[in-house]
Each structure stands twice: as structure tokens, then as C-alpha cells.
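Structure at a glance
Read off the chains here:
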Amino acid sequence: MSVDCVALTKKYFEVWNAHDVPGIQALHAPASSLADWDASHGPTNADVAKGIGGIWEAVPAIKIEVVDVYTMGDKSNTCVAQIRVLVDAETTLKVCDVIEYDYSGLVVSLNAYKAD
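Reference entry: report on the structure contained in this document. (Residues numbered from 1 in each chain as written. Predicted model: local features only at pLDDT ≥ 70, side-chain atom pairs only at ≥ 80, totals over all residues. Heavy atoms only, no water.)

Comments concerning the nonpolar core
Generally speaking, nonpolar side chains in soluble globular proteins are found buried as a group. In this structure, Tyr12, Phe13, Trp16, Ile24, Ile52 and Ile99 are the most contacted members of the largest nonpolar core, which totals 26 residues. Breaking this core down by element, the ones donating at least two residues are α1 (5-17), α3 (45-58), β3 (63-70), β4 (78-88), β5 (91-101) and β6 (107-114). Residue contacts for tyrosine 12: discarding those within four places in its chain leaves Ile24, Leu27, His28, Leu34, Ile52, Val107 and Leu110. (Core = buried A, V, L, I, M, F, W, Y, C linked by side-chain atoms within 4.5 Å. Buried < 20%, exposed > 50% of the residue type's maximum accessible area, 1.4 Å probe, protein only. Helix = DSSP H or I, 4+ residues; strand = E, 2+ residues; numbered from the N terminus. Contact = heavy atoms within 4.5 Å.)

A word on the sheet that holds strand β2 (residues 40-41)
Ordered by their spatial adjacency, six strands build an open sheet running β2-β1-β6-β5-β4-β3, and the pairing between neighbours is mixed. Two strands in the sheet have a free side with no partner beyond their single neighbour: β2 and β3. Bridge analysis of strand β1 (residues 28-35) against β2 gives two bridges, and the strand direction is antiparallel. Paired with leucine 34 across the strands is histidine 41, a residue of β2. Contacts from α1 reach β1, β3, β4, β5 and β6 within the one sheet, and its direction differs from that of β3 by about 175°. (Pairing = 2+ DSSP bridges. Axes fitted to C-alpha atoms, helices over the stretch in contact; angles between N-to-C directions.)

Quick notes on the environment of valine 87
Looking at the secondary structure, you find valine 87 in strand β4. A residue is classified by how much of its surface remains accessible, and valine 87, at 18% relative accessible area, is buried. Leaving out residues up to four positions away in the same chain, valine 87 has contacts with Val59, Ala61, Ile62 and Leu93.

With respect to the pairing of β1
In this structure, β1 lies alongside β6, joined through four bridges in parallel fashion. By the bridge assignment, alanine 35 is partnered in β6 with asparagine 111. A loop of four residues connects β1 with β2, the two strands running antiparallel in sequence.

Section: unusual backbone geometry
Cis geometry is adopted by the peptide bond preceding proline 43, which originates at glycine 42 and carries an omega value of 15°. Structurally, proline 43 is set in the loop between β2 and α3. We note that histidine 19 has phi near 55°; this positive angle belongs to a residue other than glycine. Structurally, the position occupied by histidine 19 is in the loop between α1 and α2 (21-27). Relative accessible area serves as the criterion here: at 23%, histidine 19 is assigned to the partly exposed category.

Right, here's the structure in full:
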């Protein structure tokens, strides 16, 4: 059984853009992790939400635009999201997130890779 990675990923970034700490925690499995080029958060959804909340506190205007979501159809619960991170008016980052979902549609891991 697979999940709709595209719909789940779009919903994830809608909640992310709302800067909703309880909402982002609810989208992560109880045992989950997030890692990017600056930090790693986990091993629980509370740790991940706290880490993301720290990003929002440090950069209040930050938003994410989803460019594309790549999947293997029903063969995998993992997808790659090509995104743009709009840090501020002058700074936009090109990023790919590798997101693994469990069978209930919760994020188990998210690893973010930044283009140089």
C-alpha cells in the first residue's frame, strides 16, 4: 500500500508556510528526523517541530514554493520535492527534499539538499 506523496508533500509545505509548530509536529511520525545543511533534528516529531520553529523565529519571512514532486508512483512512500526557499527579498535557495512517509502518511524522515 502506498500513500499520495504529491498531495502529502503539498500539504506539508502549506503547513510549513503557515509557520504552524503544532501542525508540523502532527505531520511527522512520533519517531522522525529532519536534516539539512545546517542542522539535524529528531528523534521525535516534537524535536523536529521545535527545530523548524527555530527557523521560523530566526527568519520570520521565510516561505517555500514547491516546484515539482518526483515519485515512483505506488512503488514507494518516498519522494523528492524540488523547492525554492524564499529566505528574504534578496535570497532564494534551490533545494531538493527527500521525504519518506510511513503508511499512514506521516513524515518519517526529511533530508534537505541545497544547490550551491
